[in-house]
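Listed below are the residues making up each chain.
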Amino acid sequence: MGKHLVIDPITRIEGHLRIEAILDEDNTIIDAYSSSTMWRGIEIIMKGRDPRDVPLLAMRICGVCTGTHYYTSTQTVEHALGIIPPKNARLVRNLIQGSLYIHDHVVHFYHLHALDWVDVVSALKADPKKATQEAKKWTDLLTDPLTGERIQPWNAGEGTYIQVQERLKKFVKAGRLGPFANAYWGNKSYKLTPEQNLVAVSHYLDALDIQREMSKLMAIFGGKSPHPQSLVVGGVTCVQDIQNPSRLGQFGDILRKSREFIYRAYLPDLLMAGAVYADEALKGIGRGLGNYMAYGDFRMDDNEWYKGSLLFPQGLVLNMDLNTVYDLDPSKITEDVTHSWYEYSVNQPLHPYEGETKPKYTGFKEDGTLNPEGKYSWIKSPIYDDKRVEVGPLSRMVVGYARGDERIRHYVDWLLKSGNLPVEVLFSTVGRTAGRAIETALMVDVMIEWLNELSKNVMSGDLSTWTEFDFNRLTKNKELKGFGLTEAPRGALGHWIKIKDGKVENYQAVVPSTWNGAPRDYKNRMGAYEASLIGTKLSNPDQPLEILRTIHSFDPCIACAVHVIDVKGKELGVYKVEPVGGFCNV
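Residues numbered from 1 in each chain as written. Predicted model: local features only at pLDDT ≥ 70, side-chain atom pairs only at ≥ 80, totals over all residues. Heavy atoms only, no water.

(A) Seen up close, helix α3 (residues 66–81). A rise of 1.5 Å per residue sets the reference length of α3, with its 16 residues, at 22 Å; its end C-alpha atoms lie 23 Å apart and thus fit the reference within 8%. Counting buried residues in α3 gives 15 out of 16 residues, a clear majority hidden from the surface. Residue G82 follows α3 closely and has a positive phi angle near 75°. (Helix = DSSP H or I, 4+ residues; strand = E, 2+ residues; numbered from the N terminus. Expected span 1.5 Å × (residues − 1). Buried < 20%, exposed > 50% of the residue type's maximum accessible area, 1.4 Å probe, protein only.)

Right, dumping it as structure tokens:
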């Protein structure tokens, strides 16, 4: 008889996630369950609000992708009211959203996911001279996809690596490994050489500094980061920022510095890990559902968002078939609660327009494990056209590649050919991580284009940032519906709103980690996390590194709870805050 593993909580993610896995006698996973152990009920908070206030609340769904929820919610209200923002607003929103992408992806690769591949303690055994040669080996495989120039290693040198080792030695000697503590150092699943580990650890430390600079990008046009403040229904408010050449120049300087790190550190490190773990990628370890969906995002023209050209195309690829792409139909999106701690007034999956948020907590089994026969997660189970799908950077690259999108194909082929890898490696844990890196390179380059376009437009005298509208005329005595479909860094994000006589009647959000981290549905079909673990063999069940590696490849972001419940389902406290006039300084 195999083992029943419980990993709770999964660390190095946002929020609370529990994974349970059943192993056979060979330590191979034969069943798995994904459970969010906290509740997000912000949809209830939205009811009765002025729709123009909703985006500022919606961004609080998450403490990471704040700008994306802000942007998506704003777009949702605009769709309901029939408002199209002007060109400058489109470009500013693209730049704010793109800033989140490159910052989020770099932080994920190094600070959330790298320790699944990199044995930090092994770096102490490395030869710094050989590590310098190792760093150059991987950049030698890369040429700049825009200029064709050879790429040079980032901060590579014998002296640099000696200093990194000295820092690590002090941590180990003092017994304070800090962020590197409590890991599974020495696990057989680690495959990088000591020199490769040293290069990666060095870039891990460098990324701590560069991500701080990247976070400033959102603040330049958004007002602050996280939780930017410059988006409003109809456009943006940062008029003075886009008129100020120094602000545009500051954004450009940070963007170019970010590009240097992405191309000279992030991408070579990805190639290095990809080559070492290529056998797992070719075997499809971590593949999961094999169905990929993208809502599409980043408006490339000034048409209505759902009808215009998008940087990331919409679509659906099923069974890893890159020869066929199905068009997206938002009416085919539903959510099921058969195995979720909610209840519906009807016994069937519901479209978000009709969605209900009624918690029904049934708890765990007596032995403290999940109850897979009943309800076992606070995440609902999204379904598209009666299919379970995966969303995220890999899905965007797969759908774009299958669509024949020229830009996406160029970047995918460029990186895979640099590593002498076939496109099939994308359908794996390694491929999911590679898809995110490819997207980061593409994004930082297109952001430079958007910045130049914004600067040129402003210089021509176009300072428009907002489309005027009469809210009362549009909403009085009317029932309106609207939705926003975007791509958060972690995948397809949708918001849906119903407005009645100027107030929110219903609001639903289906976030990327709802699609990926969901439990089984009414047909007992697995969610993406669960399916991706099946067939994975653990080298040491007491150190489930392989489970963490695959789950982290999705970059889970389990949204923040707003309701506290004890293990028996008893409410512990209710807090009501009445808004008053004036300002409160905390």
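(B) Representation of the pairing of strand β13 (residues 491–500) in the model. The buried fraction of β13 amounts to 9 of the 10 residues, a majority that puts the element mostly inside the structure. Pairing of strand β12 (residues 479–488) with β13, which is carried by 10 bridges, proceeds in the antiparallel orientation. Within the sheet, the bridge partner assigned to L485 lies in β13 and is G494. The antiparallel hairpin formed by β12 and β13 contains 2 residues in its connecting segment. The sheet contact formed by β13 and strand β14 (residues 503–510) spans 7 bridges and is antiparallel. The residue bridging K500 from the neighbouring strand is K503, located in β14. Connecting β13 to the antiparallel partner β14 that follows it, the hairpin turn spans 2 residues, and D501 within it adopts a positive phi of roughly 50°. (Pairing = 2+ DSSP bridges.)

(C) Representation of the sheet that holds strand β3 (residues 29–36) within the structure. Strand order in the open sheet made by the 3 strands is β1-β2-β3, with antiparallel pairing throughout. Only two strands of the sheet have a single partner each, and these edge strands are β1 (4–7) and β3. Neighbour-to-neighbour, the strand axes of this sheet turn through a mean angle of 15°, independent of strand direction. The pairing of β1 with strand β2 (residues 17–23) spans 4 bridges and is antiparallel. Within β2, the residue paired with L5 across the bridge is A21. Sitting on the sheet, helix α17 (residues 545–553) is in contact with β1, β2 and β3, with an inclination near 130° to β2. (Axes fitted to C-alpha atoms, helices over the stretch in contact; angles between N-to-C directions. Contact = heavy atoms within 4.5 Å.)

(D) Expanded view of the side chain of H495. Mapping H495 onto the fold places it in strand β13. Residue class for H495 comes out buried when judged on its relative accessible area of 0%. A distance of 2.6 Å separates polar atoms of two side chains, one belonging to H495 and the other to Y507. Discounting chain neighbours no more than four positions away, the residues touching H495 are A58, I61, H69, T72, S73, T76, G482, F483, G484, Y507, Q508 and A509. (Polar contact = N/O pair within 3.5 Å; in protein donor to acceptor, adjacent residues only side chain to side chain.)

(E) A look at the environment of L318. Structurally, the position occupied by L318 is in the loop between β9 (315–317) and β10 (333–336). Under the relative-accessibility criterion, L318 is labelled buried at 13%. Residues L318 and V399 lie 81 residues apart in sequence; the distance between their C-alpha atoms is 9.8 Å. Residues within four places of L318 in sequence aside, it is in contact with G290, N291, Y326 and K387.

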